[in-house]
Amino acid sequence: MHPWIGAGSEDRQDLLHELGLETIDQLFARLPESVCIDHLDLPPAQDEISLRRAFFDLGLNTTTAAREPSFFGAGVYNHIRPAAVDAVLSRAEFFTSYTPYQPEISQGTLQALFEFQTLMTRLTCMEVSNASLYDGATAVVEAVLFAFRVLRLKRPRVVIADTVHPIYRSVLDTYADPTGLEIVTVPAGPDGRLDIEALEAAITDDTCCVAVQSPNFLGVVEDLPVVAQAAHRVGALAVHVVTEALSMALLRAGGHFAFDVVCGEAQSFGVAPGYGGPHLGFFTCKEKTIRQMPGRLCGETVDSEGNRAFCLTLSTREQHIRRAKATSNICTNQGLMALAATVWLEAIGGSGLRRLAEDNLSRAHDLARRLVDEDTGWRLAFPDSPFFNEFLIQGPIGGTEIARKAAEAGILAGIPVARWSTRWPDGLLIAVTEQNSSADLDALIETLRVAS
Amino acid sequence: MSIPQDLLYTKSHEWVRVEGDSVVIGITHYAQDQLGEVVFVELPVVGNAVEAGEEMGTLESVKAVSEMLAPLSGEVVEANEALEDSPDLVNQSPFDEGWLVKIKGSIEGMDLLDPQSYAALLEAEQH
Amino acid sequence: MKRRAHRDEPLFFERNPKRRGRQGILLPTFDGPSTQPASVLPAEVLLDDRPLWPDISEMDLVTHFHRLSQLNYAVDEGLYPLGSCTMKYNPRINEAVAGLSAFNAAHPLQPDHQVQGVLEVMWELEETLKTITGMPGVTLQPAAGAHGELAGILMIRKALEARGESREIILVPDSAHGTNPATAAFAGFRAVEIPSGPDGTVDLQALDTAMNENVAAVMLTVPNTLGVFEHRIVEIAELVHSRGGFVYMDGANLNAFVGRALPGLMGADAMHINLHKTFSTPHGGGGPGAGPVTVSEALLPYLPVPRVVKTDDGFSMLWSGENSIGSLRGFSGSFLILLRALVYMRGMGGDGLREMSETGVLFANIIRKRLEGAYHLQYDTPTMHEVVFDDSEQVKNGVHNTDIAKRLLDYGFHPPTMSFPLVVHGALMIEPTESFGPEEIDAFCEAMLAIAKEAEETPDLVRAAPHETPVKRIDEVRAARNLKVRFVDEA
């Protein structure tokens, strides 16, 4: 019998005998014959040696940031992932356990979640954080539906900046379709920042939320206080979307400016890019709206002996109790990814987190300056707009073409925005992290110069 | 289980008491016992109109949510604000301090039970 | 569960909140010029440089989490018989392969030609799922089972729109998992319950009455949450189809019949597959999961994007589709979970997968046989992969299912599922899976029988359980009444 099956062939006979059966088929007698098959048309079991070889070989067909310098960002960032984080995650007590519905034997997971919630509220300057959501895109959807609920389902208009990640916006469209929400997109100005006049014109009395990303999809830091004021003027909720969570170590998050929700993607905190997942959605809000918040929540309490303990709380919001009236149909969070972020953020430490953000800022701004100063033929698309570790460049050839040429030279130069943006179709989006050494920066500059 | 003699009851385990031109509403001892320890009460907004038979709020325990259905139509004139901080009043004192709302209107036309009939209903439900 | 637990492991924030200058990670240094934040960022958005939390060294960090881990129960510790959750062994080879940098460092927006290995994994997984279900299409995008339900229901919605119909109702049996009605509501439909018959399966007559031209779909779990196979599934599907509806199959319990039957032959139009249940990817303390959805011919045009396609030049990602419902999440799926599932499927092989289902069903029947008598069985219909008892025998002595659950903790086992199915009051829903050997099943049954005896002889002992866990019974009411959901520095 296969090693991943607990009963051997002799066991099977004994167990069947105990049930008074002759064959295993008798256990499946209730299945109508017309739906049954006698075997699966799949290859035989592969042993570990051939499994390792086969997948190693598949990996050879893949070029990643692990092998070549990469300046890819756009919502997925290549940050340091210390071995200690992986070691913690690979403890079976964490990764082979279920959702902590039995708190007496889940205090490890629960305390880690409580620490995660605390870390996220400190970063965002908000009062409450849930225990994670699927990813940044679904976090934005949840934020919009949350705002709709908080305002008692009476305001169907959603105002969103078109510099919110285009994939997030397309996901929002999918969800908005059946709910009857009206999505209004506000364009960026020529400086890559949200056009505030257009924003104010778009906000009406039936607007439930105003969502803006900062730093935005083009890397530009938005004027958050003005956005919050514009939203609150009509009583709408202000939502700050974050895709590069590390930016919150340097830039004040929405909580500092009275935003009602700060949410997005925290993959930067120790979660692998992994070709898109699993990643880590986060959601923070104010205490007064906690009952409308989606997702799991861990709370502090005591046990029968009066000792501090933790448990999931406010679960009446969730599907297994409220069924058709749940705040969301979500059943899973990203527990292990939330743990990764917790370990990562604590490992980096409060001082280290700030230093890391400053390091990214220095690398990105050094690269940006050199692109201009060293006569590469490339320029910043928004030279006067503030940015953190990501920016859009334009040059003598289009972003798609330069990306292709750079790839031939062994550099993942950045992401051409042509597939989404009609405003800056020739742009190349470049993210710089602590993984990019100054040799990488030299190589990119050289490639850009030669290729054009 | 206690059933005060000065109240009237609904088949869905609420009690009502006439106060002038309004009706005070709460849930019975039996209802709170079924629900378990109440951790949150969502009450209707004072000044809003409610429709008989429609949801006007919710009572939450750790494991269950129960809808509060308005037993009559009318304007909400008062809601028990003490429940905001002390939802446990619903458990401790369901017939008194744990009252829920006061609705302007009369009990005329409502399908109500006197204490004896309500006691009989409970008897029947438990068997 | 006896533990040398460090029950008082402090919160990270309490360790030494004021101490600075330690490091848990040596950060790379940049040898170029440093940029002062204030020189390039507007003052009003710049955060002051006060650290948001303490620093810690690497050893202290690892110790903190090691100690926390010891307060958890896990599959590697012993039987974890949560019904419908399928807590099986998570093979370590899955983790080894997912650790390859060729996979975990891949960026989802890299051009297709750079990530052929990644795309081939996704394509092969799609093909394998088609074989396992006998259905012609699949999306790998959904991040979990409930997310897969939503994908399926949105496709059904779109298919109805294409027919010019706006049906409003989705029928859900009363035994269904709570996500089913939640999904229906989320997708803009009204969920209407249909009652179960006396054998725990769908009451065909009730379905016949309810199945009118306003019903978009029926959501069925097969086998259902009672561990009972809907033996009239073919008739049910024919009835639903004949009146223009779709059949959504909740595949949470697919592990009961892999290699023995095909949902495609049952008439399913869409079915999500919880890779973290049937196909061994870890539950991770509550995610990440993955919930691919297989679909029938009728729903093929509406599959979400992006999805992988095979061309003459290899594999590529298709980012848009004319009739697609669109995207349900960022990027193409939880690839590292999909990868683990494929490693498992290849590692098991076709015959291994069939033996997996057979063994899970065999163990569930053994448990049923041994515990019947001590615990009440509301439905005596044949059991598939899980068996649902209730506490009605024990309630006579004032012992409820939650007490039995807590007492099981003392015996070193995770409790069964109790929160559903709603049709069984005081449910004890037991799913052993195929992973453990007969000795572990023996020990579990003995513990359950011992508890049944205790419930009769010393009910107070059971009601006061757990006695041996790192923390005692937890005050969940207090947690909900006095919400404390983050650590606040007293100082």
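Engineer: For this particular structure, what's the right way to read the overall build of chain B?
Structural biologist: Scanning chain B for helices and strands turns up 4 helices and 9 strands. Counting helices and strands in the order they occur from the N terminus, chain B gives β-β-β-α-β-β-β-β-β-α-α-β-α. Taken over C-alpha atoms, the radius of gyration comes to 14 Å for chain B, in line with the 14 Å a tight globule of 127 residues would show. For chain B, the spread of C-alpha atoms along the principal axes amounts to about 40 × 35 × 25 Å. Looking at chain B residue by residue over its 127 residues, the buried ones come to 46%. When contacts within chain B are restricted to residue pairs at least 6 apart in sequence, long-range pairs at least 24 apart make up 61% of them. Of the accessible surface of chain B, which amounts to about 6,300 Å², a share of 45% is contributed by carbon and sulfur atoms.

Engineer: So what exactly am I meant to see when it comes to the overall build of chain C here?
Structural biologist: Helix and strand content of chain C: 16 helices and 12 strands. Compactness check: chain C gives a C-alpha radius of gyration of 25 Å against a globular reference of 23 Å for 491 residues, within 12% of the reference. The proportion of buried residues among the 491 residues of chain C is 66%. Sequence-distant contacts in chain C: of pairs separated by 6 or more residues, those separated by 24 or more amount to 71%. Positive and negative side-chain charges in chain C, numbering 43 and 63 respectively, have mean positions lying 6 Å apart.

Engineer: I would appreciate a short explanation of the interface of chain A and chain C in the present structure.
Structural biologist: Many structure descriptions define interface size as the accessible area lost when the parts assemble. Chain A puts 182 residues into the contact, and the matching count from chain C is 205 residues. Taking both partners together, chain A and chain C bury about 16,800 Å²; carbon and sulfur atoms supply 64% of that area. Our count for the contact surface shared by chain A and chain C stands at 9 salt bridges. Notably, a salt bridge pairs Lys484(C) with Glu300(A), separated by 3.3 Å at the nearest N-O pair. Considering every element that reaches the side of chain A that touches chain C, the biggest residue donor is helix 11 (residues 335-373) of chain A, with 26 residues. Here the residues of the side of chain A that touches chain C sort into 92 nonpolar, 54 polar and 36 charged.

Engineer: Help me understand the side chain of Thr28(B) in this model?
Structural biologist: Residue and element names in this part refer to chain B. Assignment of secondary structure puts Thr28 in the loop between strand 3 (22-27) and helix 1 (29-35). Here Thr28 falls in the buried class, since its relative accessible area comes to 1%. Each residue touching Thr28, except ones within four places of it in the same chain, is listed here: Tyr9, His13, Glu14, Trp15, Pro94, Phe95 and Tyr118.

Engineer: Looking at this structure, I do not really get the pattern of salt bridges. What am I missing?
Structural biologist: Side-chain pairs of opposite charge can arise whenever the charged atoms involved come near each other. A complete count under the given rule lists 46 salt bridges over all chains for this structure. The salt bridge partner of Arg354(C) is Glu358(C), with a shortest N-O separation of 3.4 Å. Taken together, the residues span about one helical turn, with Arg354(C) and Glu358(C) both in helix 11 (residues 335-371) at a distance of 4 residues. Comparing Arg354(C) with Glu358(C), the two get one shared label, buried. If you follow the salt bridges from partner to partner, you end up with Arg12(A), Asp25(A), Arg260(C), Arg354(C) and Glu358(C) in one network.

Engineer: Sorry, what's going on with the sheet that holds strand 3 of chain B here?
Structural biologist: Within a beta sheet, neighbouring strands are joined by backbone hydrogen bonds and run either parallel or antiparallel to one another. Residue and element names in this part refer to chain B. In spatial order, the strands read 1-2-3-9-8-5; together these 6 strands make up an open sheet with antiparallel pairing. The two strands at the open ends of the sheet, each matched to only one other strand, are strand 1 (8-9) and strand 5 (49-50). By the bridge criterion, 2 bridges tie strand 5 to strand 8 (residues 74-79) in an arrangement that is antiparallel. Counted as the bridge partner of Ala49 is Glu75 from strand 8.

Engineer: Looking at this structure, I do not really get the domain arrangement of chain C. What am I missing?
Structural biologist: Residue and element names in this part refer to chain C. Here the domain parsing of chain C yields domain 1 (93-347) and domain 2 (353-477). For domain 1 versus domain 2, the distance between C-alpha centres works out to 30 Å. Domain 1 puts 26 residues into the contact, and the matching count from domain 2 is 22 residues. Of the roughly 1,900 Å² buried at the junction of domain 1 and domain 2 (both faces included), carbon and sulfur atoms supply 62%. Viewed at the interface, domain 2 and domain 1 are joined by 1 salt bridge.

Engineer: Sorry, what's going on with the interface of chain C and chain B here?
Structural biologist: Contacts between the two partners involve 4 residues from chain C and, on the opposite side, 8 residues from chain B. For the pair chain C and chain B, the summed buried surface comes to about 500 Å²; carbon and sulfur atoms form 57% of the total. When residues of chain C are sorted by the area they lose upon contact with chain B, Glu476(C), Val477(C) and Arg481(C) head the list and together hold 87% of the total. Where chain C meets chain B, there are 0 salt bridges. Counting every contact that joins chain C to chain B gives 2 residue pairs in polar contact (both at pLDDT 80 or more).

Engineer: Even after reading the chapter, I still don't get unusual backbone geometry, so can you show me in this structure?
Structural biologist: Glycine aside, negative phi is the norm for most residues, and most peptide bonds take the trans geometry. Put simply, Ser214(A) and Pro215(A) share a cis peptide bond, and its omega is -10 degrees. Cis geometry marks the peptide bond from Val222(C) to Pro223(C), where omega comes out at -15 degrees. Of note, the phi angle at Cys125(A) is positive, near 60 degrees, even though the residue is not glycine. As for its placement among the helices and strands, Cys125(A) is situated in the loop between helix 5 (107-124) and strand 1 (128-129). One non-glycine residue, Phe331(C), lies in positive phi territory at about 65 degrees. Along the chain, Phe331(C) falls in the loop between strand 9 (314-318) and helix 11. Residue classification places Phe331(C) among the buried residues on the basis of a relative accessible area of 4%.

Engineer: What am I meant to see in the pairing of strand 9 of chain C here?
Structural biologist: Taken residue by residue, a regular strand's side chains alternate between the two faces of the sheet. Residue and element names in this part refer to chain C. With 4 of its 5 residues buried, strand 9 lies for the most part within the structure. The pairing of strand 8 (residues 307-311) with strand 9 spans 5 bridges and is classified as antiparallel. Across the sheet, residue Thr311 finds its bridge partner in strand 9, namely Gly314. Linking two consecutive strands that pair antiparallel, namely strand 8 and strand 9, is a turn of 2 residues.

Engineer: Where do I start with the packing of aromatic side chains in this structure?
Structural biologist: For any two aromatic rings, the description comes down to two numbers: the centre-to-centre distance and the angle of the planes. Following the criterion strictly, the structure yields 21 aromatic pairs over all chains and no others. Pairing Phe217(A) with Trp420(A) gives two aromatic rings, centres 5.4 Å apart and planes at 90 degrees, and the pair type is edge-to-face. Taken as a pair, Phe217(A) in the loop between strand 4 (207-213) and helix 9 (224-233) and Trp420(A) in the loop between strand 12 (415-416) and strand 13 (428-431) lie far apart in primary sequence, 203 residues in all. Considering the side-chain rings of Phe13(C) and Phe487(C), the 5.9 Å spacing of their centres and the 15 degrees angle between planes classify their relative orientation as stacked. Taken together, the residues span a long stretch of sequence, with Phe13(C) in the segment before helix 1 (37-40) and Phe487(C) in the segment after helix 16 (476-481) at a distance of 474 residues. Exposure class is identical for Phe13(C) and Phe487(C). Each is buried. Three or more aromatic residues joined by ring pairs make a cluster, and in this case those are Trp4(A), Phe279(C) and Tyr344(C). Sitting over the face of the ring of Trp319(C), Arg419(A) holds its NZ or CZ atom 4.4 Å from the ring centroid. Arg260(C) extends its terminal NZ or CZ atom over the ring of Phe28(A), reaching a point 4.4 Å from the ring centre.

Cut-offs and rules
Residues numbered from 1 in each chain as written. Chains lettered and ligands numbered in written order. Predicted model: local features only at pLDDT ≥ 70, side-chain atom pairs only at ≥ 80, totals over all residues. Heavy atoms only, no water. Helix = DSSP H or I, 4+ residues; strand = E, 2+ residues; numbered from the N terminus. Rg over C-alpha atoms; globule rule 2.2 N^0.38 Å. Buried < 20%, exposed > 50% of the residue type's maximum accessible area, 1.4 Å probe, protein only. Contact = heavy atoms within 4.5 Å. Areas by Shrake-Rupley, 256 points an atom, 1.4 Å probe, with all protein chains shown as cover. Lys, Arg positive; Asp, Glu negative; His and termini not counted. Charge placed at Lys NZ, Arg CZ, Asp CG, Glu CD. Buried area = accessible area lost by both parts, 1.4 Å probe. Salt bridge = Lys/Arg side-chain N within 4 Å of Asp/Glu carboxyl O. Nonpolar A, V, L, I, M, F, W, Y, C, P; charged D, E, K, R; others polar. Pairing = 2+ DSSP bridges. Domains from an automatic or database assignment. Polar contact = N/O pair within 3.5 Å; in protein donor to acceptor, adjacent residues only side chain to side chain. Phe/Tyr/Trp six-rings, centres within 6.5 Å; stacked < 30°, edge-to-face > 60°. Lys NZ or Arg CZ within 6 Å of the ring centre and 35° of its normal.

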